Amino acid sequence: MTGPDAKAAAVFFDRDGVLNQDVGYLHRIEDFRWIDGAREALAMVQRAGLLAIVVTNQSGVARGFYGEEDVDALHAWMQRDLARDGIAITAFYSCPYHAEAVDARYRVADHPDRKPNPGMLLRAIADWNVDPARSLIVGDKPRDIEAGRRAGVAGLLFTGGSLADAIAPWLVYTGAGA
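Residues numbered from 1 in each chain as written. Predicted model: local features only at pLDDT ≥ 70, side-chain atom pairs only at ≥ 80, totals over all residues. Heavy atoms only, no water.

Re the sheet that holds strand S2 (residues 51–57)
Item 1. Pairing within the open sheet is parallel, and its 5 strands lie in the order S3-S2-S1-S4-S5. Of all strands in the sheet, those bounded by a partner on one side alone are strand S3 (91–95) and strand S5 (154–157). Averaged over all pairs of adjacent strands, the angle between strand axes in this sheet comes to 20 degrees, irrespective of strand direction.
Item 2. Relative to S5, strand S4 (residues 136–139) runs parallel, the two being bridged by 4 bridges. Each bridged residue has a counterpart across the sheet, and for Ile137 the counterpart in S5 is Gly155.
Item 3. Taken strand by strand, helix H4 (residues 119–128) contacts strand S1 (10–13), S2, S3 and S4, and its axis lies near 150 degrees from that of S3. (Pairing = 2+ DSSP bridges. Helix = DSSP H or I, 4+ residues; strand = E, 2+ residues; numbered from the N terminus. Axes fitted to C-alpha atoms, helices over the stretch in contact; angles between N-to-C directions. Contact = heavy atoms within 4.5 Å.)

A look at the nonpolar core
Item 1. Ranked by internal contacts, the top residues of the largest apolar core, which has 33 residues, are Phe13, Leu19, Trp34, Leu42, Val138, Leu163 and Ile167.
Item 2. Among the elements of the structure, S1, helix H1 (38–47), S2, helix H3 (68–83), S4 and helix H6 (163–173) are those that each provide at least two residues to this core.
Item 3. Val138 has contacts with Val11, Phe12, Phe13, Asp14, Val18, Leu156, Phe158, Leu163 and Ile167, leaving out every residue within four places of it along the chain. (Core = buried A, V, L, I, M, F, W, Y, C linked by side-chain atoms within 4.5 Å. Buried < 20%, exposed > 50% of the residue type's maximum accessible area, 1.4 Å probe, protein only.)

Quick look at helix H5 (residues 142–150)
Item 1. Within H5 the residues assigned to the buried category are Asp144, Ala147 and Gly148. Buried residues along H5 cover an arc of 100 degrees about the axis, so they all sit on one side. Facing away from the buried surface of H5 by more than 90 degrees, the exposed residues are Pro142 and Arg149.
Item 2. Residues of H5 that are buried sit in contact with H4 and S4.
Item 3. Of the residues trailing H5, Gly152 is marked for its positive phi of about 80 degrees. (Arc of directions from axis to C-beta.)

What to know about the pattern of salt bridges
Item 1. Within the structure shown, the criterion is met by 13 salt bridges.
Item 2. Notably, a salt bridge pairs Arg15 with Asp16, separated by 2.9 Å at the nearest N-O pair. In this structure, Arg15 and Asp16 share a single accessibility class: buried.
Item 3. One salt bridge in this structure joins Asp81 and Arg39, with 2.6 Å as the shortest N-O distance. A residue pair is termed long-range when its members are at least 10 positions apart, and Asp81 in helix H3 and Arg39 in helix H1 qualify at 42 residues.
Item 4. We classify Asp81 as buried; its relative accessible area is 10%.
Item 5. A relative accessible area of 14% means that Arg39 is categorised as buried.
Item 6. A network of salt bridges, in which partner residues are shared, links Arg39, Asp81, Arg84 and Asp85. (Salt bridge = Lys/Arg side-chain N within 4 Å of Asp/Glu carboxyl O.)

Here you go:
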């Protein structure tokens, strides 16, 4: 389907452990390391005409380890780093809420955005006119896949290796190419 009512397909990516090495509460650029094949995976998604959307729980904000501005700065740096190769992430969604937050503003027992809840995906689906049935979430934890299931999005549990190699079969299977 084409035209103004056409819905986009997207690949939703968890961040820590999928796009970057999970070093625990990542917020400093100097601690950031891309996962093997992550840049290539994002380029493949872009070449296929799909949206690349990051959906990430950020309990480090709730726990007082860093602020939302640190999350935003890291995401801006990721965009600049990718732009050197002509790659872009469509959008970032992050959830700073956690039941054990030290800051009462972030203390929510079961926030709709905190995975495994689908809130971030549902907002992105609405914001970007995404067809969940033609989309994929890639995560390294069962909660990522569960959030996708609850939003009607297929899931791929990434267990390591090259991220590009992990998503290539899905791109080929869906006809998006690789």
